[in-house]
Amino acid sequence: MNKRWLIRRIAMSFITILVTIIISWVLIEYSPESPANAILSNIRANLAANPKFAEIYESEVQYYESLVPHGNPVIEALTYIANVLRGNLGLDVITEVPVTKLIAQALPWTIFVVSTSLIISFFLGIRIGQKMGYKRGTKIDSALMSTFTVMKSIPIYISGALLLYILGYNLHWFPTGGAYCPCVPMGLTFIGCVLYHSALPILTLTLANLATWALHMRANTIYTLGEDYVTFAEIRGVKDKTIETKYVGRNALLPLYTSLIIGIGFSFGGSVFIEEIFSYPGVGHLLYNAITNNDYTLEMGIFIIIITAVVFGVLIADLTYSLIDPRVRHE
């Protein structure tokens with residue numbers, strides 16, 4: 001691998017993270033909305049019922065006004081970036097708890113659910129898509145094409161709500177919320193409880209991603225089947241199983257590799273709709289609450305995690321793509 005290309009690629013990733021952080025900081029920091037609006041509106045609602053709240057309201061207004069940036073924006077941005085590079089994402093405005101602590105508590109749940117569903121749907125989808133490509137034009141292919149097209153067109157919050165209603169509330173096969181039972185002691189029972197509570201979120205995300213992987217793999221397989229080297233292998237009498245796995249399967253899979261790595265990067269942001277529907281305590285649920293309460297410090301912390309994970313995912317994909325495809329060389 002070319003060292004100059006490697007240094008340039010790493011530098012570009014670092015610059016991308018910095019620029020994205022600055023843009024996000026400007027958009028959120030100078031937004032007309034603020035966390036004070038959500039808190040002060042609750043206090044204002046109680047003013048008529050209790051005059052004592054008037055003094056509390058005035059003191060809270062002064063406090064939250066002090067949080068609004070009044071200094072040099074360049075210095076404030078550089079100070080924020082310096083704190084981020086040291087691992088200090090600030091305090092959550094609503095709870096006054098360090099943002100890193102809140103994200104650290106939610107991140108393992110998100111990574112577990114989203115990454116598990118992504119990996120299951122990926123390997124299952126590419127296998128189904130490959131078979132569809134080989135049996136293109138048949139009744140099985142047409143039926144699966146119609147099924148996956150419908151699945152892909154259904155919004156994930158609709159499919160999640162339907163599964164929750166049918167399997168959770170009606171049939172009572174799965175729990176309707178939470179990540180585990182608080183009363184269960186640590187051990188194998190606790191692990192089983194976690195898996196039981198995560199079944200519906202994982203199933204929903206798997207079904208949502210399965211259609212995408214299968215349809216993409218089908219298209220790649222059909223395209224690869226028309227390549228000259230596949231035709232030559234068939235003329236030479238190479239076994240169909242060998243052609244399917246080594247000649248077609250591997251080359252049809254290559255374009256999806258980058259999408260998988262980037263998808264893993266995006267998994268750090270969780271799935272806002274799914275985690276909110278199933279009341280799952282992940283980063284997506286945390287982000288939803290932060291947006292609802294205009295909690296800009298928590299929003300920025302989550303955005304930074306997502307940005308960094310995606311950029312590193314793209315970087316890893318670029319660095320490792322040549323290992324699985326020797327035709328690619330970085331100059």
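Since the structure is predicted, the reported quantities are computational estimates derived from the model, not experimental observations. (Residues numbered from 1 in each chain as written. Predicted model: local features only at pLDDT ≥ 70, side-chain atom pairs only at ≥ 80, totals over all residues. Heavy atoms only, no water.)

Draft legend 1. Looking closely at the overall build of the protein. Scanning the protein from N- to C-terminus turns up 13 helices and zero strands. A buried classification covers 39% of the 331 residues belonging to the protein. A separation of at least 24 residues holds for 75% of the contacts in the protein among residues at least 6 apart in sequence. (Helix = DSSP H or I, 4+ residues; strand = E, 2+ residues; numbered from the N terminus. Buried < 20%, exposed > 50% of the residue type's maximum accessible area, 1.4 Å probe, protein only. Contact = heavy atoms within 4.5 Å.)

Draft legend 2. How the structure looks around a nonpolar patch on the surface. Taken together, the side chains of Val150, Ile154, Tyr157, Ile158, Leu162, Tyr165, Ile166, Tyr169, Leu171, Trp173 and Phe273 define a hydrophobic patch exposed on the protein surface, amounting to about 1100 Å² of accessible area. Counting residues per element, the nonpolar patch draws most heavily on helix 7 (residues 156-170), at six residues. Tracing the backbone shows Trp173 in the loop between helix 7 and helix 8 (188-225). Its relative accessible area of 53% is what places Trp173 among the exposed residues. (Patch = residues over 30% accessible without salt bridge, like charges linked within 9 Å, V, L, I, M, F, W, Y side chains within 5 Å. Areas by Shrake-Rupley, 256 points an atom, 1.4 Å probe, with all protein chains shown as cover. Salt bridge = Lys/Arg side-chain N within 4 Å of Asp/Glu carboxyl O.)

Draft legend 3. The packing of aromatic side chains, seen in detail. Using the criterion set out here, one finds four aromatic pairs in the structure. Look at Phe122 and Phe123: their rings are 5.3 Å apart centre to centre, the planes differ by 85°, and that puts the pair in the edge-to-face class. The exposure class of Phe123 is exposed, given its relative accessible area of 52%. Between the aromatic rings of Phe174 and Tyr196, the centroid separation amounts to 6.1 Å while the plane-to-plane angle is 35°, which identifies the pairing as tilted. Note that Phe174 is positioned in the loop between helix 7 and helix 8 and Tyr196 in helix 8, a separation of 22 residues in sequence. Among the aromatic residues, those joined into a cluster by ring pairs are Phe122, Phe123 and Trp213. (Phe/Tyr/Trp six-rings, centres within 6.5 Å; stacked < 30°, edge-to-face > 60°.)

Draft legend 4. Broad picture of the nonpolar core. Core analysis: the largest hydrophobic core is formed by 25 residues, its most contacted members being Ile21, Tyr80, Ile103, Leu286, Leu298, Ile302 and Ile304. Those elements that place two or more of their residues in this core are helix 1 (3-29), helix 4 (73-85), helix 5 (99-134), helix 12 (283-292) and helix 13 (296-324). The element that contributes the greatest number of residues to this core is helix 13, accounting for eight residues. The contacts of Tyr80, once residues within four sequence positions are left out, are Ile21, Trp25, Met300, Gly301 and Ile304. Val113, Cys193, Leu200 and Phe278 belong to the second-largest nonpolar core, a separate cluster that totals 17 residues. (Core = buried A, V, L, I, M, F, W, Y, C linked by side-chain atoms within 4.5 Å.)

Draft legend 5. Spotlight on unusual backbone geometry. Within the chain, His172 stands out as a residue other than glycine whose phi angle is a positive 60°. Relative to the elements of secondary structure, His172 occurs in the loop between helix 7 and helix 8. A positive phi angle, near 50°, is found at Ser279, a position not held by glycine. Assignment of secondary structure puts Ser279 in the loop between helix 11 (272-277) and helix 12. Overall, Ser279 belongs to the partly exposed group, its relative accessible area being 41%.

Draft legend 6. Local environment of the environment of Pro155. Topologically, Pro155 is positioned in the loop between helix 6 (139-153) and helix 7. With 118 residues separating them in the primary sequence, Pro155 and Phe273 have C-alpha atoms 9.9 Å apart.

Draft legend 7. Representation of the side chain of Thr206. Note that Thr206 resides in helix 8. Judged by relative accessible area, Thr206 falls into the buried class, the value being 9%. From its side chain, Thr206 meets the backbone oxygen of Ile202 in a polar contact 2.6 Å long. Among all residues touching Thr206, those that are not within four sequence positions of it are Ser117, Ile120 and Ser121. (Polar contact = N/O pair within 3.5 Å; in protein donor to acceptor, adjacent residues only side chain to side chain.)

Draft legend 8. Focus on helix 8. With 38 residues, helix 8 should cover 56 Å at 1.5 Å per step; its first-to-last C-alpha distance of 47 Å lies more than 12% under that length. The largest bend in helix 8 is about 45°, located at Ala199, with the proline Pro201 one to four residues further on. (Expected span 1.5 Å × (residues − 1). Bend = angle between axes of the 7 residues up to and from the residue.)

Draft legend 9. Expanded view of the environment of Ile202. By the element assignment, Ile202 lies in helix 8. With relative accessibility at 12%, the residue Ile202 sits in the buried group. Apart from the residues lying within four places of it in its own chain, the contact partners of Ile202 are Phe112, Val113, Thr116 and Ser117.

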